[in-house]
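Breakdown of the fold
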Amino acid sequence: MLYREAGQFKTTYFSDMAVFRLREDRTGLAVVVVAAYGLAFVGTDFLLQAVLIPFLVFSLAAIGLNILTGYAGQLSLGTGAFMGVGAYSCYKLMTAFPDVNVIIWILVSGLFSAAVGALFGLPSLRIKGFYLAVATLAAQFFLQWCFIRVPWLVNYNVSGALDAPLRTVFSIPVVGATATSQARYIVVLTLVIALTWLASNLVRGRIGRMWIAVRDMDLAAELIGIRPLQTKLLAFAVSSYYCGVAGALMVFLWYGGAEYDVFNINQSFFILFMVIIGGLGSLIGSFFGAALIFIMPILLGIILPALLVPFGLSIGAETIEHLRFMIVGALIIFFLIVEPHGLARLWQIGKQKLLVWPFPY
Amino acid sequence: MSFRSVTLGLAVATLMGGATLPATAQDSIYVPLFTYRTGPFAGSGMHIADGMHDYLEMLNQRDGGIGGVKLVIEECETGYDTKKGVECYEAVKGKNPVIVNPWSTGITLPLIPRAAVDKIPILSMAYGLSASARGDIFPWVFNPPSTYWDGMSMIIKYIGDKEGGLDKLKGKKIGFLHLDASFGKEPIPLLEELSKELGFEVKLYPVAAQDMQNQSSQWLSVRRDRPDYMIMWGWGSMNGGAIKEAVRSGYPMDKFLSVWWPGEDDARSGGAGAKGFKMLNWHGVGTTYPALQDIMKNVVDKGLSKASKEKVGELLYNRGVYNSLLIAEAIANAQKLTGKKVVTGEDVRRGMETIKLDPARLKALGLEGFADEIALSCVDHNGHRPAFMQEWDGSKWVKISDPIAPMGDRVRAQLEAAAKDYAEKNAGWPKRAEACDKAS
């Protein structure tokens, strides 16, 4: 009733090609963006620092992996390591050139990650599917080995860990312990919105279509004139760029310091699950996936005790943890059975149904 | 669709509501405990969690808290995962915690810079960042009673004693089996320095976190190299895995020494062959101490503990008790210093700096002979206390040495270098602004 296409005429090619062709979609998006910024001012520290910042960081990493796996069809298990490359190079740049705006370094650190990603993407020309996953697994182990073994990466820090020195933007601290969660959140949110917008244009354009063609049938793509090497390497580079930026954001704007171990293989799987559950080949799915995998357990940790207290039951922290695992596991299976194409597909179906509601034909 | 929107709405509503949980009542002291009873390190973590919880609960049951103020003890499950640890920290931050115990080096590191800003002291007992022993640089972080450099120097001294003098170590071969992370690598510079000086050879056997339980390749190298002594720096399932492999490969157990982290379960996993395994320790095992008896009577027998009766008094359980002993003592000191009943994180930081557990105080607390005396100060947040060597006799730990003093000058040199390094790297690191209290 509220959401309809009728009456909205496209009178120019430009309006017909718009990402959001419906007025309702545009207003909805504007409301979400405004609300997201508004939360910076009304949200508690816990909400911003422990829920929203990590959610945005994981969404960005999931977008990165989605570009590679969802759009270009190359399975990768090296996401965690590529995030690590971003974090470590950002640390090196930040400490070597402390006067440069840290946001610039966060964005530049992604380029290092992109270069490393493209290098490890080279085997993708010859190997496919699960075999490629194994090759990217090598990237994961090799890079993780580097993070432990090369003390230069952490400036010969005795503890072997990354720490976040104080850095300001417009003389407001955004990195370091004195940065408020509000400032961090606004920086993360702005970067994620900007990079998502870039990605949405990328995947709709010539490059995105090349990726999709290679994904759907690389032989056919080659026959119609798409060069598979360049296309695949570009997908690896762009994907690693997003992961690298996400890694830098994770260490410097979320944790504020980390060991090499946060970039382990579990991190890679964590993000792969987000992409699969959110929906392969969908940007909004990356956000849904991150929400389900990351925010759901936190919510359960808050809801479960609140539900049980009225009955006079108190359960231990570890029981909640076990329940979280079970419920999230069950939900993952539930969603995959209901909609194997992920939450993004559910969202799409919902929108289509809504277009004709309440008089479906 | 309606199901979706309802759940989504519910979720958002709970998030907003749940994030603003009411702060704890004003007449209690909130002590959060970061614990891990799930995940790969749960085997070690649950005993420590039980020990920490039960000692504080015992104070609540027996004395009505500390200084007449009830303690609100809340566990937050981290699973030894940095992500969840940071989430726990954010969750407890708003409830005025007086101290946090991360129980993981990975969680400690992100919290160190935040401690001074949020005014919440960190107690990382014998783990974490070794440089944080310097109270003048890290006023909010405490890591008593010994650093890993202290531990390594004690082990080398013990080996020297056994051989009849440190000079007899010349030409010997010492293997160092360690977790391949900053925790396990920390003592390496000291070990190498000593090896150059004393003329023994060092063989490094790193164990990556993912193959802690499968150390066959490392032990194959051990069998080839035949080191005269093996020193282990491990945690969680790595300890049990190493002891099992050592037994299997026939390594002489009495030459196998470890830092203070293995527990009874690790030694038991080696079966009868584990007899003779040695490790450093700084506190008593068993339940003969009056305070432990009180825990039995007031907590375990009342069913308020999650620990099964036979686990009470085991090594890692008592390690948790020691951790809570420090917390309780810091709170008591803070009450004495400020004259307030309900203390804050800032007060407890001062209380921690004035900790002085001498034999008389330990006796008063019902822990006579439980641990060596320790005193912290504004400069020294560690104590650099001696530890003793204990041996596994097949069913329990037996103390086999007097307390071994660390090589103070060596440790100081390492500490100076680390602290200087830290100050150089972090140009913006704040100067200590906190005033210093006289020991109470």
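Going along each chain's sequence as written, the residues are numbered from 1 onward. All chains are assigned letters beginning with A, and all ligands numbers beginning with 1, in the order in which they are written. Totals for whole chains, interfaces and linings use every residue, but because this is a predicted model, local features are given only for residues with pLDDT of at least 70 and side-chain atom pairs only at 80 or more, for both listing and counting.

Now for the overall build of chain B. Looking only at helices and strands, chain B has 15 helices and 13 strands in total. C-alpha atoms define the radius of gyration, and 2.2 Å times the number of residues to the power 0.38 defines the globule rule. Here chain B has a C-alpha radius of gyration of 22 Å; the compact-globule value for 440 residues is 22 Å, and the two agree. Expressed along its principal axes, the backbone C-alpha trace of chain B runs to roughly 65 × 60 × 50 Å. For every residue, the other C-beta atoms within 10 Å of its own C-beta are counted; 20 or more classify it as buried, 12 or fewer as exposed, and values in between as partly exposed. C-beta atoms are placed from the backbone. Buried positions account for 55% of the 440 residues belonging to chain B. We count a stretch as a helix when DSSP gives it H or I for four or more residues in a row; a strand needs E for two or more, and each element gets its number in order from the N terminus.

The next thing to look at is the overall build of chain A. Secondary structure summary: chain A contains 14 helices and 4 strands in total. Compactness check: chain A gives a C-alpha radius of gyration of 21 Å against a globular reference of 21 Å for 361 residues, within 12% of the reference. Referenced to the eigenvectors of the C-alpha coordinate spread, the extents of chain A come out at roughly 70 × 65 × 45 Å. Placing C-beta atoms from the backbone, we regard two residues as in contact once those atoms come within 7 Å. If you take every contact in chain A between residues at least 6 apart in sequence, the share linking residues at least 24 apart comes to 75%.

This part takes up the sheet that holds strand E7 (residues 229–233) of chain B. All names here are of chain B. An order of E6-E5-E7-E8-E9-E12-E13 is seen for the 7 strands of this open sheet, with the pairing classed as mixed. Edge positions in the open sheet fall to strand E6 (201–207) and strand E13 (397–399), since each of these has one partner strand only. The mean inter-strand angle of the sheet, taken between neighbouring strand axes irrespective of direction, is 25 degrees. Pairing between strands is defined by DSSP: at least two bridges between them are needed. As defined by bridge partners, strand E5 (residues 173–179) adjoins E6 across 7 bridges and the pair is classed as parallel. Looking at the pairing, Phe-176 lines up with Leu-204 of E6. Working convention: axes come from line fits to C-alpha atoms, limited for helices to the stretch in contact. Angles between N-to-C directions cover 0 to 180 degrees.

Here we come to the interface of chain B and chain A. Listed per partner, the contact involves 42 residues of chain B and 41 residues of chain A. Of all the elements in the fold, those that place two or more residues in the side of chain B that touches chain A are helix H1 (2–19), strand E2 (70–77), helix H3 (82–93), helix H4 (105–118), helix H6 (182–185) and helix H15 (408–425) of chain B. Counting residues per element, the side of chain B that touches chain A draws most heavily on H4(B), which supplies 7 residues. Charged residues are taken to be Asp, Glu, Lys and Arg, nonpolar residues to be Ala, Val, Leu, Ile, Met, Phe, Trp, Tyr, Cys and Pro, and polar residues to be all remaining types, Gly included. Of the residues assigned to the side of chain B that touches chain A, the class counts are 17 nonpolar, 12 polar and 13 charged.

For the rest of this paragraph, the subject is the environment of A:Tyr13. Structurally, A:Tyr13 can be placed in helix H1 (residues 13–17). In sequence terms A:Tyr13 and A:Val356 are 343 residues apart; their C-alpha atoms lie 25 Å from each other.

This part covers the nonpolar core. Joined through C-beta atoms within 7 Å, a set of buried Ala, Val, Leu, Ile, Met, Phe, Trp, Tyr and Cys residues constitutes a nonpolar core. Core analysis: the biggest nonpolar cluster contains 245 residues, and A:Val57, A:Leu60, A:Ala61, A:Tyr242, A:Leu249 and B:Ile331 have the highest contact counts within it. For this core, the domains that each give at least three residues are domain 1 (28–146 + 285–386) and domain 2 (148–281 + 400–417) of chain B. For A:Ala61, the contacting residues outside a window of four places in its chain are A:Thr79, A:Met83, A:Tyr242, A:Cys243, A:Ala246 and A:Ile271. Each domain's extent is set by a domain assignment, obtained either automatically or from a database.

To continue, consider the pairing of strand E3 (residues 172–175) of chain A. All names here are of chain A. Relative to E3, strand E2 (residues 167–169) runs antiparallel, the two sharing 3 bridges. For Val-169, the partnering residue across the bridge sits in E3 and is Ile-172. In this antiparallel pair of consecutive strands, E2 and E3, the connection spans 2 residues, and Phe-170 shows a positive phi of 50 degrees.

An α-helix turns once per 3.6 residues; consequently, residues spaced three or four apart project the same way. Residue and element names in this part refer to chain B. Listed in full, the buried residues belonging to helix H11 (residues 290–300) are Ala-291, Leu-292, Ile-295, Val-299 and Val-300. Here the buried residues of H11 occupy an arc of 110 degrees about the axis, which is enough to place them on one side. Where the residues of H11 are buried, they touch helix H2 (42–63). What the arc covers is the set of directions going from the helix axis to the C-beta atoms.

Once that is clear, we can look at the domain arrangement of chain B. Residue and element names in this part refer to chain B. What the domain assignment reports for chain B is domain 1 (28–146 + 285–386) and domain 2 (148–281 + 400–417). Here the C-alpha centroids of domain 1 and domain 2 sit 27 Å apart. Every contact between the two is made by 19 residues of domain 1 and, on the other side, 23 residues of domain 2. Looking at the side of domain 1 that touches domain 2 element by element, the count peaks at 3 residues for H2.

Below, the discussion takes up the UniProt feature "domain: Leucine-binding protein" (unreviewed entry) in chain B. UniProt positions are given in the numbering used here, feature names are shortened, and annotations may be inferred rather than shown by experiment. Per the UniProt entry, the sites bearing "domain: Leucine-binding protein" (unreviewed entry) are residues 29–394 of chain B in this numbering. Secondary structure within residues 29–394 of chain B divides into 43% helix and 15% strand; the distance between the first and last C-alpha atoms comes to 42 Å.

Our focus in this paragraph is unusual backbone geometry. Residue A:Pro358 follows A:Trp357 across a cis peptide bond; omega there is 0 degrees. Mapped onto the elements, A:Pro358 comes out in the segment after helix H14 (343–356). Cis rather than trans, the peptide bond between B:Pro144 and B:Pro145 has omega equal to 0 degrees. Examined against the element boundaries, B:Pro145 turns out to sit in the loop between strand E4 (141–142) and helix H5 (148–163). Of note in this structure, B:Asn96 is not a glycine but carries a positive phi near 55 degrees. Position of B:Asn96 relative to the elements: it lies in the loop between H3 and H4. Positive phi, normally seen in glycine, also occurs at B:Arg226, with a value near 50 degrees. Relative to the elements of secondary structure, B:Arg226 occurs in the loop between helix H8 (216–225) and E7.

All names here are of chain B. The set of residues buried in H8 consists of Gln-218, Trp-219 and Val-222. All buried residues of H8 lie within an arc of 90 degrees about the axis, which places them on one face of the element. Along H8, the residues that are exposed and aim more than 90 degrees away from the buried face are Ser-216, Ser-217, Leu-220, Arg-223 and Arg-224. Residues of H8 that are buried in the fold lie against E5, E6, E7 and helix H9 (237–248).

Residue and element names in this part refer to chain A. Where helix H11 (residues 265–278) contacts helix H12 (residues 283–308), the two axes come as close as 7 Å, and the packing angle between them is 120 degrees. Considering their axes alone, H11 and H12 lie oblique with respect to each other. In this structure, H11 meets H12 at a crossing whose hand is right-handed. Contacts between H11 and H12 pair Phe-270, Phe-273, Met-274, Val-275, Ile-277 and Gly-278 from the former with Gly-285, Ser-286, Phe-288, Gly-289, Ala-290, Leu-292 and Ile-293 from the latter. Each angle gets one of four labels, with under 35 degrees taken as roughly parallel, over 145 as roughly antiparallel, 65 to 115 as roughly perpendicular, and the rest as oblique. Crossing handedness: left-handed means the near helix sits turned counterclockwise from the far one by under a right angle, and right-handed means the same turn made clockwise.

Residues and elements named next belong to chain B. Residue-level confidence of the predictor, termed pLDDT, takes values from 0 up to 100. On average, residues of chain B score 86 in pLDDT, and 92% of them reach the 70 mark or higher. Ignoring residues within four places in sequence, the model shows residues 13–25, a span with pLDDT below 50, making 19 contacts including any to other chains. Of the two predicted TM-score estimates for the complex, the pTM is 0.83 and the ipTM is 0.77.

Moving on to the environment of A:Gly244. All names here are of chain A. By the secondary structure assignment, Gly-244 is in helix H10 (residues 228–255). Under the C-beta neighbour-count criterion, Gly-244 is labelled buried, with 33 such atoms within 10 Å. Distance in space between the C-alpha atoms of Gly-244 and His-322 is 32 Å, their sequence separation being 78 residues. Aside from chain neighbours lying at most four places away, what touches Gly-244 is Phe-82, Met-83, Val-85, Gly-86, Ser-109, Gly-110, Phe-112, Ser-113 and Ala-114.

The next thing to look at is the pairing of E7(B). Residue and element names in this part refer to chain B. Extensive coverage of E7 is indicated by the burial of 5 of its 5 residues. The alternating pattern of E7 places Tyr-229, Ile-231 and Trp-233 and Met-230 and Met-232 on opposite faces, both of which are buried. Bridge count between E5 and E7: 5 bridges; the pairing is parallel. When the bridges of E7 are listed, Phe-176 appears paired with Ile-231. A crossover connection joins E7 to the parallel strand E8 (residues 256–258) through H9; in handedness this β-α-β unit is right-handed. Here the term right-handed applies to a crossover when the path leading from its first strand over the helix to its second strand runs clockwise, the strands being oriented away from the viewer.

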